[in-house]
Amino acid sequence: MKMNQFSSRKCNCLNGIITVPGDKSISHRSLIMGALAIGESIVTGLLEGEDVLGTAEALKALGADIYKDSSGSWHIHGVGIGGLKQPEGPLDMGNSGTGVRLMMGVVATHPISVIFTGDDSLTSRPMKRVTIPLSKFGAEFSGNQEGTLPITVKGARNPLPIRCELPVASAQVKSAVMLAGLNTPGVTTVIEKIPTRDHSERIFNYFGVPVSLNNEEINVTGHAELTAQKMAVPADPSSASFIIVAAIITEGSDVTIKNVGMNPARTGLFDTLIDMGGNITFENKRQECGEDVADIRVKYSKLKGIIVPENRAPSMIDEYPILCVAAASADGETVMRGLEELRVKESDRISVMVKGLNECGVNVIEHDDGMTVSKSDVEGGAIIKTHLDHRIAMSFLVLGMISEKPITADDGSVIETSFPGFTNIMNNLGANIC
C-alpha cells in the first residue's frame, strides 16, 4: 500500500444529506454466513473497504463463489457447514483484526490447514486471546511465542463443544468461538460477563442458526443448516461518527446521515455526545434484516466536558479517538477511563492520540487506561504519524477542520480499509481535505 499524505484545513460549515459506507462488522459477518450457507445469498450495501474485501478473498480461497454484479449487489454461493476446502496458499488479511479473528474461528473446526498473515500493523496485534479458546475445540495453532501473525491453523477433525468465558470483553473473540461452534456437534456456550456488540447473535438468528441467550450465556447449536438470505447492510455507525463530530464542532453545520445502524451495542458515542450537549436527533427509526436503523441529523453544538461512564466503553471502543476531537472543543474536561483495549487496536490508540493531540496544541493527560482532554485552542500544524491506523487518520483530519494551521495525516491511504470515499464525502459537505 502506497503512503499518501492528506491535509485538513479550517473550513466553514458542513451541510448536506449523505450516506456513508455499510457497517464493517455486519459486512464481514454477512460474507462469512453466506459462505457457510447452502444456496445463494445476496447482500446490498456491503462495505467495499479493503478489510471486508480481504475477507471475501479469503472465503473464495476456501471454496465459496463470491462476486459483485453490475447493480452493486454481492452474490455469495455458499459451501455449507463443513464444506470448506484447503486453500492453495496463505490468507493475507491485510489490516483487518476482525477479519482474521473471525476467519480463525471458521477454520478452527474444519479439517484443513490454513496460514493467516497480514500487514505490519496486523502482524503486531495479539492473537492468543482468540487462539487459546479456539484450541479447546481441538484446533492447533503454530507460530511464534508472542502469538502474533503469521499463524498456521490446523483445524480440528473431530471438534468438541466447549464452554468458554471470554478472557476480555471482545465481540471478535465471542464471534470466533460462536463461528467455531457452527461445525461442532452439540452446544457451544460463550459466557460474556461484560456485554459486547451482538451482531453475531442477530445474524446467526437471521440465517437460521439456533442461538439461545440465558443471562450471561450465549448457546450455539452446531451442525445447523444455514439458510441463504438477502441482506441489506446498514450504514456503519463508526464511520458516521466522524461526520457527526465534524458537524458538531464546525459552527453553522447541519448534516443528515441516512440509514445508519442503531444497534444498541454500537451507539455509545451518540449517547456520550448527547450527554455533552450535542444536538443529535434520530428520524425514521426502523428495523432491517434484524438490525435497528435510523437517519441521524446533527447540528453544530456547544459541548461541555463530562466523565464518560466506563461501562459505556464496549459500545464505543472504536470511537474514542474521534471523541477526543469533540472533547477538545468542549468546555471543561472530558475524562475517558477503562480503555485498556485501545492499547491493542491497530495501534496503541491511547498513546498515539495523546502524542498527536499534544503536537496539535490540545491539552491532554494520558492515563494507563485512558485520557483526559481539556478545551483547547487547537494550533494544528502537525504531521501525525497514523501507525497504519485508519481511525487515527480520520480523527486528526476532522480536528484539522477547526485548527489554526493545517493538520496532516502521514498516510491517508489506510482510510480505505474502513471508509472508502471519506475525503470526497467530507469535501462535498464543505470540508477542505486534500
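Details of the structure are given in the entry above.
A quick note: this is a predicted structure, and the numbers were derived from the prediction, not measured.

Analysis parameters
- Residues numbered from 1 in each chain as written.
- Predicted model: local features only at pLDDT ≥ 70, side-chain atom pairs only at ≥ 80, totals over all residues.
- Heavy atoms only, no water.
- Helix = DSSP H or I, 4+ residues; strand = E, 2+ residues; numbered from the N terminus.
- Contact = heavy atoms within 4.5 Å.
- Buried < 20%, exposed > 50% of the residue type's maximum accessible area, 1.4 Å probe, protein only.
- Arc of directions from axis to C-beta.
- Axes fitted to C-alpha atoms, helices over the stretch in contact; angles between N-to-C directions.
- Parallel < 35°, antiparallel > 145°, perpendicular 65-115°, else oblique.
- Left-handed = near helix turned anticlockwise from the far one by under 90°.
- Pairing = 2+ DSSP bridges.

(A) A look at the side chain of Thr250. Following the sequence through the fold, Thr250 ends up in the loop between α7 (237-249) and β15 (254-261). Residues contacting Thr250, with those up to four places away along its chain left out, are Cys11, Asn12, Cys13, Leu14, Tyr300, Met401 and Ile402.

(B) Structural view of helix α12 (residues 422-429). Restricting attention to buried positions, one finds in α12 the residues Phe422, Thr423, Ile425, Met426 and Leu429. Along α12, the residues classed as buried sweep out an arc of 165° about the axis, all on the same side. Along α12, exposed side chains directed more than 90 degrees from the buried face belong to Asn424 and Asn428. Structurally, α12 contributes buried residues whose contacts are with β1 (6-9), β2 (15-18), α7, β15, α11 (390-399) and β23 (432-433).

(C) Looking closely at the packing of α7 against helix α8 (residues 268-275). Two numbers describe how α7 lies on α8: the axes approach to 10 Å, and their chain directions differ by 15°. Taken together, α7 and α8 sit at an angle that is classed as roughly parallel. Note on packing geometry: the crossing formed by α7 with α8 is left-handed. Residues Pro237, Ser241, Ile244, Val245 and Ile248 of α7 form the contact with α8, whose participating residues are Leu269, Phe270 and Leu273.

(D) Quick look at the sheet that holds β23. The sheet built from four strands is open, its strands ordered β21-β22-β1-β23 with mixed pairing. Because the sheet does not close on itself, it has two edges, and the strands there are β21 (383-384) and β23. With two bridges connecting them, β21 and strand β22 (residues 407-409) associate as parallel partners. In the sheet register, Ile383 faces β22, and the bridge partner there is Thr408.

None of the figures reported here should be taken as evidence of function without further support.
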